[in-house]
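# Tertiary structure, described
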Amino acid sequence: MTIRLTVTSLVVTALVSNYSSIAFAHSGQSKNQAPEISTAEAKLTYTEIPYLESAFIDVSPASRHDGIRVGKLGTDGGNKKMITEFAKEIAAYKHGTFDSLLIAHKGKLVFESYYGKGRLNLPHYQASATKTYSGLALGRAIQLGYLSMDDLDKPFISFLNQLDKSKLVEGAEKITLRHALTMTSGIRVSDEQKTKIYKLPNQLMGQREIQTILENSAPITAQSQTFKYGYGPALVMQVVEAVVPGSAKDFIKKELLNKMGITNYRWRTNGSTGLPEAGWRSSMTSRDMIKFGILAMNKGKWQGEQLIPEEFITDGTSRLLLTGDDDVHWGGQDVSKQGYGYFWWGVDMKVGDKKYLGMSAQGGNGQIIMIVEELDLLIVHTAHDNKPQYKQIIAEKILPAFI
């Protein structure tokens, strides 16, 4: 049976009634292996992937020799009862349609679970979490000397030598790489203009995309350079393409993903520009999402090697600006003070009388990599449901188990 992404209450009810078993994995019990995608299923689109017959919940994740240290929930921190009870609620679809939940504490993966369409070896689609990966590619270029941290405050168009700068909108030179990373470029293109731009056949390849955008934007001013979710990732990817040897696609593969042992992934190419998609359309396994979180928590180091400058990670996973609490994405009564770093979102999550800062890479329909530095806690989950208040759920169900 094929279940489509839009899950109605009727379908969920049917799923819960059929989801009668939960496979709990324990150390030494080889019969309960983490679910994997079959060869036949690997040819299906994500919407065609069948739901698991049983949720898989592991409080002592297996070592897979993938660079992720493992431990045991409870023994290595965390309240085992609280987390397993929460996992049962997820399995009963009481919190929307999760596909996976993984938790690392003090550098060790202590909890791993799969539900719905989740599989150990299935790269899960990433919407805007792709923005964070694109930002890290820029950080990798800095670490290797193709750029410097000082370059973040230089006009980003200074790195693009194929532009006809005489035709760009007034103030285009005011946009820096740091503006791009924090979504404060000041670019303002109407929806009507956007529709026209992206209907141009073969007119946006390479740097022509930026040429066209900066010819059609309103003037860039100090007043316009405020937070607006939009073009930042595309600007960053253009600079990566311009400064690294070879292509951005090959650079990302060789110098970022391969370095972390990430080989089972998908990262689409933008058909209009020929560059890797900068803001969406990548796919990563849940364990590889954990790797990105570990990289951030270790200040840019992976297994002792500095892949990203520490300063870049420290700044990027800080709330460099506040975006307002009028519409906190996936928030609730205990989530506030929404802010932004370098394609990382930040919120305060209240537990009792105390608030904890959570910085997250995240994408629509429930993909999240959240680091809570004060608790030495890393939370990854995937889903295919945009309705749940995921950050409120984290504040209520996960943080208390590690405080």
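In what follows, the structure referred to is the one given above.
Residues numbered from 1 in each chain as written. Predicted model: local features only at pLDDT ≥ 70, side-chain atom pairs only at ≥ 80, totals over all residues. Heavy atoms only, no water.

The next point concerns helix α7 (residues 232-243). With twelve residues, α7 extends 17 Å from end C-alpha to end C-alpha; this agrees with the ideal 16 Å at 1.5 Å per step. Within α7, ten of the twelve residues are buried, leaving the element largely enclosed by the surrounding structure. Within α7, burial applies to Gly232, Pro233, Ala234, Leu235, Val236, Met237, Gln238, Val239, Val240 and Val243. As for α7, its buried residues are in contact with α3 (129-143), α4 (177-181), α6 (208-216), α8 (248-257) and β6 (266-267). (Helix = DSSP H or I, 4+ residues; strand = E, 2+ residues; numbered from the N terminus. Expected span 1.5 Å × (residues − 1). Buried < 20%, exposed > 50% of the residue type's maximum accessible area, 1.4 Å probe, protein only. Contact = heavy atoms within 4.5 Å.)

What follows is about the sheet that holds β6. The strand order across the open sheet formed by three strands is β5-β7-β6, and the pairing between neighbours is antiparallel. Bordering the open sheet on either side are β5 (124-126) and β6, each of which pairs with just one other strand. Bridge count between β6 and strand β7 (residues 282-284): two bridges; the pairing is antiparallel. Residue pairing across strands places Arg266 opposite Ser283, the latter belonging to β7. (Pairing = 2+ DSSP bridges.)

This brings us to the nonpolar core. Nonpolar side chains tend toward joint burial in soluble globular proteins. Grouped together as the largest cluster of nonpolar side chains are 83 residues, with contacts concentrated most on Leu138 and Phe156. Looking at this core, the element that brings in the most residues is α3, giving seven residues. The residues touching Phe156, leaving out its near neighbours within four places in the chain, are Ile175, Thr176, Leu177, Ile210, Leu214, Leu235 and Val239. One finds Ile103, Tyr115, Trp330 and Tyr390 within the second-largest nonpolar core, a separate group that totals 37 residues. (Core = buried A, V, L, I, M, F, W, Y, C linked by side-chain atoms within 4.5 Å.)

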